[in-house]
Amino acid sequence: MSVLERTKSEEAIALENKYGAHNYHPLPVVLTRGEGVYVWDVDGKKYYDFLSAYSAVNQGHCHPTIINAMSEQAKTLTLTSRAFYNDLLGKYEKFATEFFGFDKLLPMNTGAEAVETALKICRKWAYEKKGLDENDAEIVVCENNFHGRTTTIISFSNDPVARKNFGPYMQGFIKIEYDNLNALEEVLSSNKNIAGFLVEPIQGEAGVYVPSEGYLKRAKALCEKYNVLFIADEVQTGIARTGRLLATCGNCSCPDKNCSGTPEVKPDVLILGKALSGGAYPVSAVLANNEIMEVIEPGTHGSTFGGNPLAAAVAMAALKVVKEEALAENADRLGAIFRRELNDYIKESEICSLVRGKGLLNAIVINDDEESDTAWNVCLRLRDNGLLAKPTHGNIIRFAPPLVMTEAELRDCVSIIIKTLKEFE
Ligand SMILES: *Cc1c(COP(=O)(O)O)cnc(C)c1O
């Protein structure tokens, strides 16, 4: 590494520090290019990307199909606003609703906006369809949830850093323990004002917590019993990440290229974002059937960029890639290898106590207390060894590579991870 090159990355970091708000704590590596499962830093060093921009880049960096659709559409028409029709939105809505098996889609841009949209739909449905008195609706959420960063969403977070000094908080949310059906039944049976249950099929940010087998299915059944909307936030778990098109697909046959997802659990309201665009552009969506989505009428909700033709072109291409390249099947197969290999290692490891996850959404737990910086130091060393990952909560490291990875690449990554962990034993 020459002195001049070293200056490049230091300079980029210094610029962000000086001119940018300090709302993140990035791993010190400055990236300049990406292709498939790889990214390169400004010094030309190549890394495996094991974060995939929090599972936005499931299709791999700069996928040619997606980038081509994007650049063609960018030359043609980018934004009309919804004041007028555009000739791609309807095509995309037809494509995506058929892809996921819902009647209608409401297009937004970021994940948090889609969550907000789902909450608004749920409340309106509760007043207009379920018959609750206005302003009485409550939505059940789970402890340690992550649904985004808006003032409403952080109101029902229990991450003190995300909440502190951002009050007053939005009312109308009840928090229960994740993966606890008794807690759900108790709140549903004792409170007539519940409108919906918002849940992550796997809690990603919390540290990749996979609920017990059958939890989602039984939670959905309870929601049906009490006439409450089951709202699945699949912003992180969706789009093939967990080895199925959606994590709520359970044991459906999604690994079959032609399966559009016969779900084990069909959410009443499905929230998608991140990899819906393959990481090329902010695209999010809320999907639901007519009897729910029809509560949304002109003027009740909107977004200047939501549903723009560039987003529509990008999202269609991104979903086609998922199907054509059988990414769910690949994630399912490689994820099993990943956990098997790491479990073998963990048997004799002092530093790593657990690997868990589904498909290619996995995490390891570092054997140290929450406040220690061991996980951070492991990530620094992984970086030095050519693989980028980041701790989630304290001592948990999430491993979520692009789903276009080959088995040989995955095995290479497993050996980098094990070699790195050995340096800490
Ligand atoms: C990332 C994420 C969000 C928020 O998405 P943004 O695009 O960052 O607003 C919401 N829910 C889950 C589960 C996420 O992982």
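A quick note: this is a predicted structure, and the numbers were derived from the prediction, not measured.

**As for the overall build of the chain**
For the chain, the count of helices and strands is 14 helices and 15 strands. The C-alpha atoms of the chain give 21 Å as radius of gyration, which agrees with the globular expectation for 425 residues (22 Å, within 12%). In terms of overall dimensions, the chain has C-alpha extents of about 65 × 50 × 45 Å along its principal axes. Counting all 425 residues of the chain, 55% fall into the buried class. The contacts of the chain with a sequence gap of at least 6 include a subset with a gap of at least 24, amounting to 72%. In the structure as shown, the chain presents an accessible area of about 19100 Å², 50% of it carried by carbon and sulfur atoms. Placing the 45 positive and 57 negative side-chain charges of the chain at their respective mean positions leaves the two points 3 Å apart.

**Points about helix 13 (residues 374-384)**
The periodicity of an α-helix, 3.6 residues per turn, causes residues three or four places apart in sequence to face the same way. Along helix 13, eight of the 11 residues are buried, which leaves the element largely enclosed by surrounding structure. Inspection of helix 13 places Thr374, Ala375, Trp376, Val378, Cys379, Leu380, Leu382 and Arg383 among the buried residues, and these make up the whole buried set. Packing partners of the buried residues in helix 13 comprise strand 3 (46-49), strand 12 (361-366), strand 13 (387-388), strand 14 (390-391), strand 15 (396-399) and helix 14 (407-422). Just past helix 13, the residue Gly386 takes up positive phi, approximately 95°.

**A few points about the sheet that holds strand 7 (residues 194-199)**
Spatially, 4-10-9-8-7-5-6 is the arrangement adopted by the seven strands of the open sheet, whose pairing is mixed. Taken across any chain shown, the strands that pair with only one partner, and hence form the sheet edges, are strand 4 (104-108) and strand 6 (173-176). When strand polarity is set aside, the average angle formed by the axes of neighbouring strands in this sheet is 20°. Bridging between strand 9 (residues 269-272) and strand 10 (residues 284-288) involves four bridges; their strand directions are antiparallel.

**Comments concerning the domain arrangement of the chain**
Per the domain assignment, the segments of the chain are domain 1 (9-59 + 327-422) and domain 2 (65-324). For domain 1 and domain 2, the distance between their C-alpha centres works out to 26 Å. If you look at the interface, domain 1 gives 28 residues, while domain 2 gives 28 residues. Summing both partners gives a buried area of about 2300 Å² for domain 1 against domain 2, and 55% of it is carried by carbon and sulfur.

**Quick notes on the site of the ligand**
Close contacts around the ligand come from Thr110, Gly111, Ala112, Phe146, His147, Gly148, Glu200, Asp233, Val235, Gln236 and Lys274, and that covers them all. Ala112 is positioned with one of its backbone polar atoms (N or O) 2.8 Å from an oxygen atom of the ligand. One of the side-chain nitrogen or oxygen atoms of Lys274 is found 2.6 Å away from an oxygen atom of the ligand. Starting from 380 Å² of accessible surface for the ligand in isolation, the protein chains cover 81%. Across the shell around the ligand, the residue classes tally to three nonpolar, five polar and three charged.

**Observations regarding the pattern of salt bridges**
This structure, assessed with the given rule, holds 17 salt bridges. Here Lys225 makes a salt bridge to Glu185, at a shortest N to O gap of 3.0 Å. With Lys225 in helix 9 (residues 215-225) and Glu185 in helix 8 (residues 181-190), the pair connects residues that are 40 residues apart, well separated along the chain. Here Asp332 and Arg244 are joined by a salt bridge, their closest N and O atoms 3.4 Å apart. With a gap of 88 residues between them, Asp332 in helix 12 (residues 327-346) and Arg244 in the loop between strand 8 (229-233) and strand 9 connect regions that are remote in the sequence. Overall, the relative accessible area of 30% leaves Asp332 in the partly exposed class. Each of Arg333, Glu341, Glu407 and Arg411 takes part in a single network of salt bridges with overlapping partners.

**Regarding the packing of aromatic side chains**
This structure, assessed with the given rule, holds 10 aromatic pairs. Each member of the aromatic cluster is reached from another via a ring pair, and the members are Tyr38, Trp40 and Tyr48. Here Arg356 stacks its cationic end above the ring of Tyr209, 4.1 Å away from the centre of that ring.

**Re the nonpolar core**
Membership of the largest hydrophobic core comes to 100 residues, with the highest contact counts inside it found for Phe50, Tyr92, Phe100, Phe197, Leu387 and Phe399. In contact with Tyr92, other than residues within four places in its own chain, are Leu105, Leu276, Val283, Ala285, Ala312, Ala315 and Met316. Residues Ala114, Val115, Cys122 and Val269 belong to the second largest nonpolar core, which totals 30 residues.

**A short note on the environment of Ala74**
Locating Ala74 in the fold gives a position in helix 3 (residues 64-74). Ala74 gets classed as partly exposed once you look at its relative accessible area, which sits at 40%. Distance from Ala74 to Ala311, taken between C-alpha atoms, is 9.8 Å for residues 237 residues apart in sequence.

**Here's the deal with the environment of Lys266**
For Lys266, the position within the fold is in the loop between strand 8 and strand 9. The partly exposed category is assigned to Lys266, whose relative accessible area is 30%. For Lys266 and Thr420, which are 154 residues apart along the polypeptide, the C-alpha to C-alpha distance reads 41 Å.

**Let's talk about the side chain of Gln59**
Turning to its location among the elements, Gln59 is positioned in the loop between helix 2 (52-55) and helix 3. A polar side-chain atom of Gln59 sits 3.2 Å from the main-chain carbonyl oxygen of Ala318. Setting aside residues up to four positions removed in sequence, Gln59 forms contacts with Ile66, Ile239, Ala275, Gly278, Ala318, Val321, Val322, Leu327 and Val404.

**Section: the sheet that holds strand 1 (residues 31-35)**
Taken together, the four strands give an open sheet; going across it, the order is 1-2-3-13, and neighbouring strands pair in mixed fashion. One side of each edge strand has no neighbouring strand; the edge strands of this open sheet are strand 1 and strand 13. Bridge analysis of strand 1 against strand 2 (residues 38-41) gives four bridges, and the strand direction is antiparallel. Following the sheet pairing, Arg33 is matched in strand 2 by Trp40. Sheet strands in contact with helix 14 are strand 2, strand 3 and strand 13, and its direction is about 100° off that of strand 3.

Cut-offs used in this document
- Residue positions are counted from 1 within each chain, in the order its sequence is given.
- In keeping with the model being predicted, local features are shown solely for residues with a pLDDT of at least 70 and side-chain atom pairs are shown and tallied solely at 80 or more, while totals for entire chains, interfaces and linings include all residues.
- Where side-chain values are given, they derive from all heavy atoms of the structure, hydrogens and water being excluded.
- Secondary structure elements follow DSSP: runs of H or I of four or more residues count as helices, runs of E of two or more count as strands, with numbering from the N terminus.
- The globule rule used for comparison is 2.2 Å times the number of residues to the exponent 0.38, while the radius of gyration itself is calculated over C-alpha atoms.
- Each residue gets one of three labels from its accessible area relative to the maximum for its type: buried under 20%, exposed over 50%, partly exposed in between, using a 1.4 Å probe on protein chains only.
- Throughout, a residue-residue contact means that at least one pair of heavy atoms, one from each residue, lies within 4.5 Å.
- Surface accessibility in these figures is a Shrake-Rupley result with a 1.4 Å probe; residues are shielded only by whichever protein chains are displayed.
- His is not counted, nor are the chain ends, whereas Lys and Arg count as positive and Asp and Glu as negative.
- Think of each charge as sitting on NZ of Lys, CZ of Arg, CG of Asp or CD of Glu.
- For two strands to count as paired, DSSP must find a minimum of two bridges between them.
- Axes here mean lines fitted to C-alpha atoms, for a helix over just the part in contact, with angles spanning 0 to 180 degrees between N-to-C directions.
- Marked domain ranges trace back to an automatic or database domain assignment.
- Here the quantity called buried area is the total loss of accessible area, with a 1.4 Å probe, experienced by two parts when brought into contact, counted for both.
- The criterion for a residue being near a molecule or strand is simple. One of its heavy atoms has to lie within 4 Å of it.
- Throughout this description, a polar contact denotes any pair of N or O atoms lying within 3.5 Å of each other; where both atoms belong to protein, one of them has to be capable of donating a hydrogen while the other can accept it, and for residues adjacent in sequence the pair is counted only when both atoms sit in side chains.
- Following the grouping adopted for this structure description, the nonpolar residues are Ala, Val, Leu, Ile, Met, Phe, Trp, Tyr, Cys and Pro, the charged ones are Asp, Glu, Lys and Arg, and the polar ones are all others, Gly among them.
- When a carboxyl oxygen of Asp or Glu is within 4 Å of a side-chain nitrogen of Lys or Arg, the pair counts as a salt bridge.
- Here is the rule: rings of Phe, Tyr and Trp (six-membered ring for Trp) pair when centre to centre is within 6.5 Å. Planes less than 30 degrees apart are stacked, more than 60 are edge-to-face, and the remainder are tilted.
- Only when the NZ of Lys or the CZ of Arg is both within 6 Å of the ring centre and within 35 degrees of the ring normal is a charge said to sit over the ring.
- Working definition of a nonpolar core: buried Ala, Val, Leu, Ile, Met, Phe, Trp, Tyr and Cys residues. They are joined through side-chain atoms within 4.5 Å.

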